[in-house]
Amino acid sequence: MVPEIETVNYSGHRFSAFHVRQAPESAPGWFVFGRNSEKYGTNRDGSGAYIMLCARPAVRRRHHPFYNGPVRRGWHRKRDAQLIADTMNAIASVAAFAAAIPALIRA
């Protein structure tokens, strides 16, 4: 199943440190969330305080008996969402390293 991935929000904030969790207030299943520290700073543990849903499966909206109206669900199994989160974290770390190469060459 192809996921819908969004790592930059409408105002240009880039998200990283992707993790998996449920969002029972919006839809059933497991989703991938990202963190950003530019907008609201960091928490005590050093992680970003700005959290956004960054990936979900590309499925159509369906009616769910618990929610009022059709919703777009997450992955059924946590390990499926964790695979996507691990892949997104690997890509983000490679991109950060590639962006740092010119500074390393100048030093």
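Preceding this paragraph is the structure being described.
Overview of the structure. (Residues numbered from 1 in each chain as written. Predicted model: local features only at pLDDT ≥ 70, side-chain atom pairs only at ≥ 80, totals over all residues. Heavy atoms only, no water.)

**Focus: the overall build of the protein chain**
So, point 1. When you go through the protein chain residue by residue, the secondary structure sums to one helix and six strands.
So, point 2. Moving toward the C terminus, one meets the helices and strands of the protein chain in the order β-β-β-β-β-β-α.
So, point 3. Here the protein chain holds 107 residues, and the buried ones make up 33% of them.
So, point 4. Taking all contacts inside the protein chain whose residues are at least 6 apart in sequence as the whole, residues at least 24 apart take part in 46%.
So, point 5. Carbon together with sulfur atoms contributes 56% to the accessible area of the protein chain, which is approximately 7,300 Å² in total.
So, point 6. One way to put it: in the protein chain the 15 positive side-chain charges average out to a point 4 Å from where the 7 negative ones average out. (Helix = DSSP H or I, 4+ residues; strand = E, 2+ residues; numbered from the N terminus. Buried < 20%, exposed > 50% of the residue type's maximum accessible area, 1.4 Å probe, protein only. Contact = heavy atoms within 4.5 Å. Areas by Shrake-Rupley, 256 points an atom, 1.4 Å probe, with all protein chains shown as cover. Lys, Arg positive; Asp, Glu negative; His and termini not counted. Charge placed at Lys NZ, Arg CZ, Asp CG, Glu CD.)

**Quick word on the packing of aromatic side chains**
So, point 1. Tallied over the entire structure, the rule returns two aromatic pairs.
So, point 2. For the ring pair Phe15 and Tyr50, a centre distance of 5.1 Å and an interplane angle of 55 degrees mean the geometry is tilted. In this pair, Phe15 sits in the loop between β1 (3–5) and β2 (16–22) while Tyr50 sits in strand β4 (residues 50–57), placing the two residues 35 residues apart along the sequence. An identical accessibility class is assigned to Phe15 and Tyr50; each is buried.
So, point 3. Geometrically, the ring pair formed by Tyr40 and Tyr50 is edge-to-face, given 5.3 Å between the ring centres and 80 degrees between the ring planes. Here Tyr50 lies in strand β4 and Tyr40 lies in the loop between β3 (30–36) and β4, a separation of 10 residues in the sequence.
So, point 4. Aromatic rings pair up to connect Phe15, Tyr40 and Tyr50 into one cluster. (Phe/Tyr/Trp six-rings, centres within 6.5 Å; stacked < 30°, edge-to-face > 60°.)

**Focus on the pattern of salt bridges**
So, point 1. Under the definition given, this model contains one salt bridge.
So, point 2. Salt-bridge contacts for Asp80 lead to Arg77; the nearest nitrogen and oxygen are separated by 3.2 Å.
So, point 3. Asp80 gets classed as partly exposed once you look at its relative accessible area, which sits at 25%. (Salt bridge = Lys/Arg side-chain N within 4 Å of Asp/Glu carboxyl O.)

**What to know about the pairing of β3**
So, point 1. Judged by how many residues are buried, β3 sits mostly within the fold: seven of seven residues are covered.
So, point 2. Here β3 shows no split at all, with Trp30, Val32, Gly34 and Asn36 on one side and Phe31, Phe33 and Arg35 on the other all buried.
So, point 3. Pairing geometry for β3 and β4, over five bridges, is antiparallel. Looking at the pairing, Gly34 lines up with Met52 of β4. (Pairing = 2+ DSSP bridges.)

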